[in-house]
Structure formats: C-alpha cells, structure tokens
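Architecture and fold: a report
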Amino acid sequence: MFAVQPTVGGTASRPPESGGGARRSLTFLLFLAAVAFPCAVLYRAAAPIAALPSFARWDSGSTPVVISAVESDNEDARLEKVLKEAAMEDKTVILTTLNAAWASPGSIIDLFIESFRFGDGTCKLLNHLVIITLDRKAYVRCMSIHFHCFALTTTGVDFSREKHFMSAGYLKMMWRRIEFLRVVLEKGYNFIFSDADIMWFRDPLPHFYPDGDFQIACDQYLGSATDLGNRPNGGFNYVKSNNRSIEFYKFWYSSREKHPGLHDQDVLNFIKYDPLLAEIGVRIRFLSTTYFGGICEPSRDFSKVCTMHANCCIGLGRKIHDLRVMLDDWRNYMALPPNIKRSGLYSWRVPQNCSLAELQS
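What you see is a predicted model, and the numbers here were worked out from it, not measured in a lab.

1. Structural notes on the pattern of salt bridges
Note on pairing: side chains with opposite charge can pair once their charged atoms come close. Here the structure, examined in full by the defined rule, presents 19 salt bridges. Ionic pairing is found between Arg78 and Glu75, a salt bridge with its closest N-O pair at 3.9 Å. You can see Arg78 and its partner Glu75 sitting in helix H2 (residues 75-86), three residues apart, about one turn around the helix. We classify Glu75 as partly exposed; its relative accessible area is 22%. Arg256 is the partner of Glu257 in a salt bridge, and the nearest nitrogen-oxygen pair spans 3.8 Å.

And the structure:
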C-alpha cells in the first residue's frame, strides 16, 4: 500500500477499510482483470506479432537464433520498415533499447511493458513502441513478447552483459544510442526515447511543449522548462525531426571526443551552454518532474504523473526490486475510490533498495 504523508495538525491515518479481506482482494483482482484484458485484446489486435525475419532461424531446440543483422536484409531497409509500421499518424515512434541483461523473463523489459498495460490510456501506445535490441538474446526475447523489434548491431562490441555505470562498455552503449537516434531523425521520424527502467503510467504526449525541438526529463527540475541549470536525464526525451534537431544530435555525438570518458548525459550538461546551439537554433525544453519523475526527484502528484524512472539507482537487482514496488504502488492507487485518489495522502514507497545517495544512472 502507499505510504501516507503527514498532514497539518498530525499524522494522517489510512482511510477506513470496509468489508472483509476476501472482498477487498476480489475487488482488486476484478480491477486488474478489467484493466489488463481489454488492453491485451487491443494490443494484439492492432498489430499482431510478426513472423521472425529472414535473418533469424530456428535451431534444433526450436529456439529462434539471430544469425546476422545484415546477412540477408539491408539494415537501413529493415529500420525503415519497422519505423513505418510502428509510427503514429504524425510519424512519431516510441523507442527503447534492450540487451540480454535486461531481457530475461521477470526482468526490466517485462516490467516496462507491464506498466503500459496497467497505465491510464497507455496500452494503445504499445502499438507504437519499437524495441531496439543490441544482441542476439535480446532480439529473441523481444520477438517472443512484442511485435516491433529491430536488431541493431555494432561490429566487434558485445552489449549482451550488464554494463556497469560508467564502464567502457556502458559508455560505448550510450554513444551508440545517440548515433542511432540521429539516424531515426534523419529518416523523418519524431521519437520518444525511453529507457526500459521507466514505468509509463499516462500518455506523455499532451505534456510536451509544442515549440520544443528537443525535450528531456530531469534528475532535478528547477521550475522552468528553459532553465539550463536543470539537470537533464538522457533516459527519457521527445525529439522532433527537423534540421535543428539533426544538427544538434551530430554536435552532441561529436562532442564525445572533446569530453573523453564521459557519457552522453554528462556531455549534454556541458554542451547545453555552448554558443553553437544558438547558431543551430535548436529549442531545448526541460520536462517537469511533476509529470516525468524518478527516484532522484519523484513526481508527488499521482493524478498527474506520466512516467517514473529508476534513476539514482545502480545495480540491476536494485532497479528490478524498486520498479516492482513502483508498479504495485500505481496499481493500488488506480484501484482506490475517486474521493481517496483526490485526497493526496498517498506517496511512493520507493526508494527502497535504490539509494538517493548514489550517482544517477
């Protein structure tokens, strides 16, 4: 259950519960069924799972195995195909990346997709989600749970294992992502990029700025969408495809050479002050943690929260634990009567295994 925030004049107690435990359990189960079943039907009917593409085969154990990302299909053509199939009417797609470490059953990717199914109006957005897989195991798992999967390869690099924060492998993976996102923009697609350790509880599209080219969530939000002092987090951003955003991504990627040993987020904190951005004309907007929260700075209002990120958290096991708690908190909130939802008495039970004292991740 949610933690109860103290109120003026004392500590608020939980609202009285009526009926027996069995009745409460039945009500909660009926709520979950009412949410999950229509979502599953909509999700599957809108875009049924496609057959494995020609660059995968079945081994003797009936397990799909990726042979090569480019053996029989052109990578550029495959990317164009999957983006076109997943795009909204305005050519916006939702993107996430996945490697083997986050792909195991019960791991990060399952919680990510589950949040869409139990979010408020988010189920339909799964039809626009493309999972960019970075290794064979991740691709195989993606094809078993989703229908828009793209195998992205990087010659000579193994992205399959968990990449510890700021390790050489982690840095390569982050910069490969920036390079790929620029390609998506060059193809004319807008995108919402989301790390898979982000829970989606509401449709974020109504809360993006119409005049922003590049919009990014924050570890710390100072109150203004244009304040360059905000601490951005590269795990969630909305980017419009235009010449300004494309040039911005080129500059961002090239800046890694000027700042060796830093990841994309730290480099962004340097270049956001660079005069070249004014020359490019890119319009940067920082997203409020009221709608786009995380463990670093949680969204305090359950009636407004769109996403919650397991940032400020290092370690796969810790992330999984706190994401599960986060998802349970949301389910419990959604099952409450409207008058209790409006009371504002409930807050997240995270962080638990994650620690606010850690570096953001």
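2. A word on the sheet that holds strand S13 (residues 307-309)
Strand order in the open sheet made by the three strands is S8-S13-S12, with mixed pairing throughout. The open sheet terminates on both sides in strands that have one partner only, identified here as strand S8 (198-200) and strand S12 (292-294). Averaged over neighbouring strand pairs, the angle between their axes works out to 20° when direction is ignored. Across three bridges, the pairing between S8 and S13 is antiparallel. Counterpart to Trp200 in the pairing with S13 is Thr307.

3. Some remarks on empty space enclosed by the protein
In the structure shown here, the tally under the stated rule is two cavities of 30 Å³ or more. A volume near 60 Å³ is recorded for the second largest cavity. Surrounding the second largest cavity, Ile198, Ala217, Cys218, Asn233, Phe236, Phe292, Gly293, Thr307, His309 and Asn311 form its lining. Where the lining of the second largest cavity is concerned, the elements lending two or more residues are strand S9 (214-220), strand S10 (231-239), S12 and S13.

4. So, the sheet that holds strand S11 (residues 284-286)
With respect to topology, seven strands assemble into an open sheet ordered S6-S5-S4-S7-S10-S9-S11, the strand pairing being mixed. Two strands close off the open sheet at either side, each with one partner strand: strand S6 (149-151) and S11. Sheet twist, expressed as the average angle between the axes of neighbouring strands with direction ignored, equals 30°. On top of the sheet, H2 reaches strand S4 (92-98), strand S5 (129-133) and S6; it is set at about 165° to S6, its chief contact. Most of the contacts of helix H3 (residues 108-118) go to S5, to which it runs at about 175°, and overall it touches S4, S5 and strand S7 (190-194).

5. So, the state of the cysteines
Under the definition given, this model contains three disulfides. At a sulfur-sulfur separation of 2.0 Å, the disulfide partner of Cys313 is Cys354. A torsion of -65° about the S-S bond marks the disulfide between Cys313 and Cys354 as left-handed. Here Cys313 is found in the loop between S13 and helix H9 (316-334), whereas its partner Cys354 is found in the segment after strand S14 (346-347), with 41 residues between them in sequence. Across the pair, exposure class does not vary: Cys313 and Cys354 are buried alike.

6. Observations concerning helix H4 (residues 136-145)
Within H4, the full set of buried residues consists of Ala138, Tyr139, Arg141, Cys142, Met143 and Ile145. N-capping of H4 is provided by Asp135, with a side-chain oxygen placed 3.3 Å from the backbone N of Lys137.

7. Examining the environment of Phe116
By secondary structure assignment, the location of Phe116 is in helix H3. Not counting residues within four places of it along the chain, the set of residues in contact with Phe116 comprises Thr122, Cys123, Leu125, Leu126 and Trp200.

8. Some words on the packing of aromatic side chains
Overall, the coordinates contain 20 aromatic pairs when judged by the stated rule. Ring geometry for Phe208 and Phe236: centres 6.4 Å apart, planes at 35°, overall tilted. One end of the pair, Phe208, is in the loop between S8 and S9; the other, Phe236, is in strand S10, and 28 residues separate them in sequence. In this structure, Phe208 and Phe236 share a single accessibility class: buried. With 5.7 Å between their ring centres and 90° between their planes, Phe248 and Tyr249 make a pair best called edge-to-face. A single burial state applies to Phe248 and to Tyr249, both of which are buried. Here a set of aromatic residues connected by ring pairs shows up, and it is made of Phe112, Phe116, Trp200, Phe208, Phe236, Tyr238 and Phe292. The lysine or arginine in question, Lys91, covers the ring of Tyr189, its NZ or CZ lying 4.4 Å from the ring centre. Of note, Arg256 hangs over the ring of Tyr253, and the distance from its end group to the ring centre comes to 3.8 Å.

9. Focus on the environment of Trp102
Within the secondary structure layout, Trp102 lies in the loop between S4 and H3. Along the primary structure Trp102 and Ile320 are separated by 218 residues, whereas in three dimensions their C-alpha atoms are 9.5 Å apart. Not counting residues within four places of it along the chain, the set of residues in contact with Trp102 comprises Ser107, Ile108, Ile109, Ala196, Asp197, Leu316 and Lys319.

Basis of the calculations
Residues numbered from 1 in each chain as written. Predicted model: local features only at pLDDT ≥ 70, side-chain atom pairs only at ≥ 80, totals over all residues. Heavy atoms only, no water. Salt bridge = Lys/Arg side-chain N within 4 Å of Asp/Glu carboxyl O. Helix = DSSP H or I, 4+ residues; strand = E, 2+ residues; numbered from the N terminus. Buried < 20%, exposed > 50% of the residue type's maximum accessible area, 1.4 Å probe, protein only. Pairing = 2+ DSSP bridges. Axes fitted to C-alpha atoms, helices over the stretch in contact; angles between N-to-C directions. 1 Å grid on protein atoms, 1.4 Å probe; cavity = no way out; pocket = protein on both sides within 12 Å on 5 of 7 lines; lining within 4 Å. Points joined across faces, edges and corners; volume = space filled by probe spheres on them. Contact = heavy atoms within 4.5 Å. Disulfide = S-S within 2.5 Å. Polar contact = N/O pair within 3.5 Å; in protein donor to acceptor, adjacent residues only side chain to side chain. Phe/Tyr/Trp six-rings, centres within 6.5 Å; stacked < 30°, edge-to-face > 60°. Lys NZ or Arg CZ within 6 Å of the ring centre and 35° of its normal.

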